[in-house]
Structures are given as structure tokens and as C-alpha cells.
Amino acid sequence: MRRKTAVALVHHPVLGRDGKILTTTITNLDLHDMARSTSTYGLDALYVVHPFSSQRLLAERIIGHWIDGSGGKRIPDRATALKCVHVVEDIDGALADLSNEEEKRPEIWTTAAVAPGSEPVSFAAAKESLAQDGPPVLLVFGTGWGLAPEVHERAAQYLAPIHAREDSGFNHLSVRAACAIALDRLFG
Ligand code: SAM
């Protein structure tokens, strides 16, 4: 029985170019693309994490447009993908929604282009772990210049950075691409 798994797109706390903590804005493209990837691999949810109510309202409006609004009528497939999206204030909101009373508290697994520590977990080992019984998993992706250290410090583990078999020396993927590649390596 596969472990219950969801994706989180985090807009705070993330790093800015100068390494300071900042809050990024939600982009329509991230939301759509990651909802489609999450739905393609049959995961439980995509959590869009934002501390500002105005931004959460924007995300809810985008989702509403594509599920119940004219977008959903015009392109029903899009509605299917966006039905997995939940907008929450913070990572704890995602963890609370992902687990129910009976289940153990979900584990946070983080991602980054540069491993935040010395012991990243390979995708092969992570895939193996997800195929067993165990607590739910929240796969966390960042924006800006990456997840803040405090998010990695909360993680049960962090996945090895995605890069080519023959490392090209560049691997700073868009969050959309990183999510799609990671999900395919874990569930493809
Ligand atoms: N504005 C950028 C964009 O266009 O998406 C945001 C970049 S953001 C730092 C990219 C996020 O995708 C990272 O926080 C991480 O979660 C993930 N990511 C990017 N490159 C990655 C890689 N090589 N391996 C694993 N995750 C990666």
C-alpha cells in the first residue's frame, strides 16, 4: 500500500537572491503545471502555501475559474487537475490537512538544486520507501532562490538534487520542471 503523498508549493519562507528570507507571489503557471503533474501521478493533493490572505484569495479565484467558472466549462480536463489544489497559510496547514486523526503525522521531504546537507536521499531509495506502508509524505518544493534552511531543518529527509547522469554543471530547474521530474522518478 503506497504511502499517502502530497506536494507543497511554498512561497514562504523562501530565500531571495541575497540569501535573506522573503515571500514570493503565486504564479498561475506554477499552480496549473504542478496541479497537472500532481493529478497525473495520482497524488493526494497539491498544497499552495502562502501567508498573505490576498494571495490565497487570488489562488482560490484561479482555481474557481477553472473548476466552476468559464474556464472549467471550456476545458473540463483542466478542472480535473485543479480539483487536487488546496490553498493553505503555511506548511503546518498542509500537514494538518494531509493527515487524519488515525494516521501518523506526515513527514516533510524537501527538494533543492543544491543539497542542504551531506546526506540527501536518492530517488531510488525514496521510491522504495513510498511503496511501503508508512506515515504520509509532503514533498516540498520552493520558489524564489529555494526553500529557507528552517524548512529543510524540519524535514525527515531531503531528496538528492536532480541532475543529469553526466553532470552538465547546471541544474537550477524551474519549480514546475523539478516537480514533474521528481514525481516521475518517484511514481513513474
Ligand atoms: N522562479 C523559479 C522558477 O521559475 O520556478 C523558482 C525556482 S525555485 C528555487 C525551484 C525549486 O524547484 C526549488 O526550491 C526546488 O524545490 C526545486 N528545484 C529546482 N531545481 C532542482 C533540482 N535540480 N533538484 C531538485 N529540486 C530542484
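This text goes with the structure placed above it.
What you are looking at is a predicted structure, and each value in this text was computed from that prediction instead of being measured. (Residues numbered from 1 in each chain as written. Predicted model: local features only at pLDDT ≥ 70, side-chain atom pairs only at ≥ 80, totals over all residues. Heavy atoms only, no water.)

1. A short note on the packing of aromatic side chains
For the structure on display, the rule yields zero aromatic pairs. Its guanidinium or amino end placed over the ring of Trp 66, Arg 78 lies 4.7 Å from that ring's centre, counting from NZ or CZ. Its guanidinium or amino end placed over the ring of Phe 123, Arg 185 lies 5.4 Å from that ring's centre, counting from NZ or CZ. (Phe/Tyr/Trp six-rings, centres within 6.5 Å; stacked < 30°, edge-to-face > 60°. Lys NZ or Arg CZ within 6 Å of the ring centre and 35° of its normal.)

2. Regarding the sheet that holds strand β6 (residues 107-110)
Whether parallel or antiparallel, the strands of a sheet pair through hydrogen bonds between backbone atoms. Taken in spatial order, the six strands make up an open sheet running β5-β4-β1-β7-β6-β8, and their pairing is parallel. Of all strands in the sheet, those with a lone pairing partner are β5 (85-88) and β8 (157-158), marking the two edges. Of the pairings in the sheet, the one linking strand β1 (residues 5-10) to strand β4 (residues 45-49) comprises five bridges and is parallel in character. For Val 7, the partnering residue across the bridge sits in β4 and is Leu 46. Along the sheet, helix α6 (residues 123-130) makes contact with β1, β6, β7 (137-141) and β8, crossing β6 at roughly 155 degrees. Against the sheet, helix α8 (residues 175-187) touches β1 and β7, its axis set at about 150 degrees to β7. (Pairing = 2+ DSSP bridges. Helix = DSSP H or I, 4+ residues; strand = E, 2+ residues; numbered from the N terminus. Contact = heavy atoms within 4.5 Å. Axes fitted to C-alpha atoms, helices over the stretch in contact; angles between N-to-C directions.)

3. With respect to the layout of surface pockets
In this structure, the largest pocket spans a volume of roughly 620 Å³. In this structure, the largest pocket is lined by 32 residues; those nearest its centre are Ala 112, Ala 113, Trp 145, Gly 146 and Leu 173. Here the element with the most residues in the lining of the largest pocket is α8; it accounts for three residues. Across the lining of the largest pocket, the residue classes tally to 19 nonpolar, twelve polar and one charged. (1 Å grid on protein atoms, 1.4 Å probe; cavity = no way out; pocket = protein on both sides within 12 Å on 5 of 7 lines; lining within 4 Å. Points joined across faces, edges and corners; volume = space filled by probe spheres on them. Nonpolar A, V, L, I, M, F, W, Y, C, P; charged D, E, K, R; others polar.)

4. A look at the site of the ligand
In the neighbourhood of the ligand, 17 residues make up the surrounding shell, with Thr 111, Gly 142, Ile 162, Asn 171 and Val 175 lying closest. At a separation of 3.0 Å, an oxygen atom of the ligand approaches a polar backbone atom of Gly 142. Here a nitrogen atom of the ligand and a backbone polar atom of Ile 162 are 2.8 Å apart. More than half of the atoms of the ligand fall within 2 Å of the grid points belonging to the largest pocket. Here the shell around the ligand gets three residues from one element, more than from any other, and that element is α8. (Near = heavy atom within 4 Å. Polar contact = N/O pair within 3.5 Å; in protein donor to acceptor, adjacent residues only side chain to side chain. Sits in = over half its atoms within 2 Å of the grid points.)

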